[in-house]
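# Examination of the molecular architecture
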Amino acid sequence: MMLPIIRTLHLSKSFNNNAVLKDVSLEIPEKSVCAIIGQSGTGKSVLFKTIMGMISPDKGKVWFKDTELTALKTNDLISMRKRFGYSFQNAALFDSMTIGENLAFPLQEVLHITDRREIQKQVAELLDWIELPGIAAKRPDELSGGMRKRVGVARSLIMRPEVLFFDEPTTGLDPVLSETINNLVVRVNRELGITCVMITHDIPAAFRIADKIAFLDQGYIIAEGSSSEVAASGHQLVRDFIRISFSESPV
Ligand SMILES: Nc1ncnc2c1ncn2[C@@H]1O[C@H](COP(=O)(O)OP(=O)(O)O)[C@@H](O)[C@H]1O
Ligand SMILES: [Mg+2]
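Residues numbered from 1 in each chain as written. Chains lettered and ligands numbered in written order. Predicted model: local features only at pLDDT ≥ 70, side-chain atom pairs only at ≥ 80, totals over all residues.

### So, the packing of helix H5 (residues 145-157) against helix H6 (residues 175-192)
Keep this limit in mind: Inter-axis angles, ranging from 0 to 180 degrees, are taken between N-to-C directions of lines fitted to C-alpha atoms, where helices are fitted over the stretch in contact. A run of DSSP states H or I qualifies as a helix once it reaches four residues; a run of E qualifies as a strand once it reaches two. Both are numbered from the N-terminal end. Angle categories are assigned with fixed cut-offs, so that under 35 degrees is roughly parallel, over 145 is roughly antiparallel, 65 to 115 is roughly perpendicular, and the rest are oblique. Working rule for handedness: look at the near helix, and if it is turned counterclockwise from the far one by less than a right angle, call the crossing left-handed; if clockwise, right-handed. Whether two residues are in contact is decided by their C-beta atoms, placed from the backbone, lying within 7 Å. Here the nonpolar group is Ala, Val, Leu, Ile, Met, Phe, Trp, Tyr, Cys and Pro; Asp, Glu, Lys and Arg are the charged ones; every other residue, Gly included, is treated as polar.
Orientation of H5 relative to H6, taken along the N-to-C sense of each, is 20 degrees, at an axis distance of 10 Å. The angle between H5 and H6 falls in the class roughly parallel. Where H5 crosses over H6, the two elements pack in a sense that is right-handed. Along the contact surface, H5 presents Gly 146, Lys 149, Arg 150, Val 153 and Leu 157, while H6 presents Leu 177, Thr 180, Ile 181, Leu 184 and Val 188. Residues that form the contact of H5 with H6 fall into these classes: six nonpolar, two polar and two charged.

### Observations concerning the domain arrangement of the chain
Definition in use: Where each domain starts and ends follows an automatic or database-derived domain assignment.
The domain architecture assigned to the chain consists of domain 1 (24-83 + 162-251) and domain 2 (93-160). In this assembly, seven residues from domain 1 lie in contact with eight residues from domain 2. Sorting elements by how many residues they give to the side of domain 1 that touches domain 2 places H6 first, with five residues. Broken down by class, the residue content of the side of domain 1 that touches domain 2 amounts to five nonpolar, one polar and one charged.

### Some words on helix H9 (residues 236-246)
The condition is simple: Once C-beta atoms are placed from the backbone, each residue is buried if 20 or more other C-beta atoms lie within 10 Å of its own, exposed if 12 or fewer, and partly exposed for counts between those two. Directions pointing from the helix axis toward each C-beta atom define the arc.
Listed as buried for H9 are Val 238, Phe 241 and Ile 242. Take H9 and look down its axis: the buried residues cluster within an arc of 90 degrees, on one side only. In H9, the exposed residues that point more than 90 degrees away from the buried face are Gln 236, Asp 240, Arg 243 and Ile 244. Residues of H9 that are buried make contact with helix H7 (203-209), strand E9 (212-217), strand E10 (220-225) and helix H8 (227-231).

### Some points on the site of ligand 1
Rules: Contact assignment follows one rule, namely that a residue is near a molecule or strand if its backbone-placed C-beta atom lies within 6 Å of it.
Taken together, Phe 15, Asn 18, Val 20, Ser 40, Gly 41, Thr 42, Gly 43, Lys 44, Ser 45 and Val 46 make up the full set of residues adjacent to ligand 1. When contributions to the shell around ligand 1 are tallied by element, the ones reaching two or more residues are strand E2 (18-29) and helix H1 (44-51). The element best represented in the shell around ligand 1 is H1, accounting for three residues. Class assignment for the residues of the shell around ligand 1 results in three nonpolar, six polar and one charged.

### Section: the nonpolar core
For clarity, the threshold we go by: The term nonpolar core refers to a set of buried Ala, Val, Leu, Ile, Met, Phe, Trp, Tyr and Cys residues connected through C-beta atoms within 7 Å.
With 59 residues, the main nonpolar core has Ala 35 and Cys 196 as its most contacted residues. Shared between two domains, this core takes at least three residues from each, and those domains are domain 1 (24-83 + 162-251) and domain 2 (93-160). When near neighbours in sequence (up to four residues on either side) are disregarded, Ala 35 contacts Met 198, Thr 200, Ala 206, Ala 210 and Ile 213.

Structure (structure tokens):
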């Protein structure tokens, strides 16, 4: 395994009296696909936001490579965050803009690129890469849900992040579309060399595509490692999760 690109150490976070993260130490290997799994409401999204610096922890540290994010001033954190991309479940495209304008937006607003040809070139390359060439002039409501989802991933790729966070990218999608999105995550990882961290309820997909799985429960990581290591966990909740996820049979 390569060195971790992200490390958390003893993270804790409470909201009023609700202790959500109690002691979370996690290493995300560089250029891996890492899946965060666990019950709903257990703090997976809070962990994501804490890693990205959108929530500050009560205790504990977050590193990105050699930089301790939790020690940075706001301005430095904002510039570090450009190296992360995130694709949230309900991250909507701007309906009033074309697909091309949606993708160009971060280039113009964040990277301050003004050369229109350069912008068009990058947008076209990315649309080719997600296998939706020629849709730059369309508007989001002219696309299917699955196409919009892929454009959403493309928008988070346009800044060429080193790490891409996906919060439940397949929740609410039909099985065929879920497969398309899971395969897109694998392509982002393999073809672009981007570390992908994914919260998912699709346990079979996590076991199939993740290099590392971390199971979060009640503020702690109760199992972590490769799919076979997590499958061998002695923890009852982990065993139940896996048994139920893999035992669905149509007959
Ligand atoms: N900004 C917030 N303020 C107060 N409570 C929050 C906030 N964000 C999350 N929580 C609480 O933290 C807990 C974990 O939420 P979340 O991380 O969204 O769970 P999940 O594992 O489903 O992603 C929930 O009890 C939620 O109500
Ligand atoms: Mg969540």
